[in-house]
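Here is what each chain is made of, one letter per residue.
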Amino acid sequence: GPPTELDDTQGLSAERIYEKASARMADKDYKKTIEYLKKLESRYPNSKYGAQAQLDMAYAFYKQQDAAQCVSTVERFIKIRPNHPNIDYAYYLKGVAYFKERGLVEKATFQDISDRDPKILRQSFLAFKDLLTLYPNTRYANDATERMIYLKNKLADHELHVARHYMKVKAYVAALNRAKFVIETYPDSSFVEEALVISISAYDNLSMSDLKEDSLRILKQNYPNSSIFTKGKDTKKQDWWKFWDRD
């Protein structure tokens, strides 16, 4: 059979194996980095290098664009070492791994994220939410917050993409449910105005005058310059929602 590869870590201390792994990481040889770190973790699991090996391994998987392995390694770390001083980094890396996977999928499919299942977006959003809930003073707070704002808007856009489709096919109750979800779940997203307009149009088509008037009042109070007021004055009733009727 083929010759077996010599183990150049045999008999080495945890520190020496970690140095070898770090050198490979610096060279961007992530495959070899992971090999070294796995040996280090299995031989010296309770050493300070054993703990760091797990975090570094997760990062190496991330750099290899292997989000699943990265997240799996991070979750194992969180479970085994919940009181580690760098536990906040583990949560942050989990969110970033999902976030990067979102970008890769988007590029690979040439499809806007709002057109498809936003599961990866939610996973990334929840990971950052966990980080900020558990460790509000983390050094990663600003970056995580910025990413959450972006993700929140993408998730809201996805819901309204579906709501627009329901309006076109006259499924007004379904459209209303999506719009209400955006208003309640993402109240500080940039899509609340459109969600309110969809609600108004849906209530109008369902002849639910009181709820339509309530939504109009909320819209006018929060978005006095909304197109529904500026464009709706001299046009037919049904033209109200045409400014957001887009593919």
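None of the values given here were measured: they were computed from a predicted structure.

K.L.:
Looking at this structure, how should I read helix 9 (residues 192-205)?
P.N.:
Working note: α-helix, 3.6 residues per turn, so residues spaced by three or four point in the same direction. For helix 9, which comprises 14 residues, the first-to-last C-alpha distance of 20 Å matches the rise-based estimate of 20 Å (1.5 Å per residue) to within 8%. Across the 14 residues that make up helix 9, a large majority, 12, are buried. Of all the residues in helix 9, the buried ones are Val192, Glu194, Ala195, Leu196, Val197, Ile198, Ser199, Ile200, Ser201, Ala202, Tyr203 and Asp204. In the stretch just after helix 9, Ser207 is the one whose phi turns positive, near 60°.

K.L.:
I keep staring at the packing of aromatic side chains and nothing clicks. Help me out?
P.N.:
Two aromatic rings, taken as a pair, are described by how far apart their centres are and by the angle between their planes. Counted by the stated rule, this structure contains eight aromatic pairs. Among the aromatic residues, those joined into a ring-pair cluster are Tyr89, Tyr92, Phe128 and Tyr140. Note that Arg147 overlies the ring of Phe99, its terminal NZ or CZ placed 4.8 Å from the centroid.

K.L.:
Help me understand the environment of Asp88, please; the structure alone is not making it clear to me.
P.N.:
Summarising the element assignment, Asp88 is placed in helix 5 (residues 87-109). The class for Asp88 is buried, based on a relative accessible area of 13%. In this structure, the C-alpha to C-alpha distance between Asp88 and Asp130, residues 42 residues apart in sequence, is 9.5 Å. In contact with Asp88, other than residues within four places in its own chain, are Leu131, Tyr135, Thr138, Arg139 and Tyr140.

Each value, and the rule that gives it
Residues numbered from 1 in each chain as written. Predicted model: local features only at pLDDT ≥ 70, side-chain atom pairs only at ≥ 80, totals over all residues. Heavy atoms only, no water. Helix = DSSP H or I, 4+ residues; strand = E, 2+ residues; numbered from the N terminus. Expected span 1.5 Å × (residues − 1). Buried < 20%, exposed > 50% of the residue type's maximum accessible area, 1.4 Å probe, protein only. Phe/Tyr/Trp six-rings, centres within 6.5 Å; stacked < 30°, edge-to-face > 60°. Lys NZ or Arg CZ within 6 Å of the ring centre and 35° of its normal. Contact = heavy atoms within 4.5 Å.

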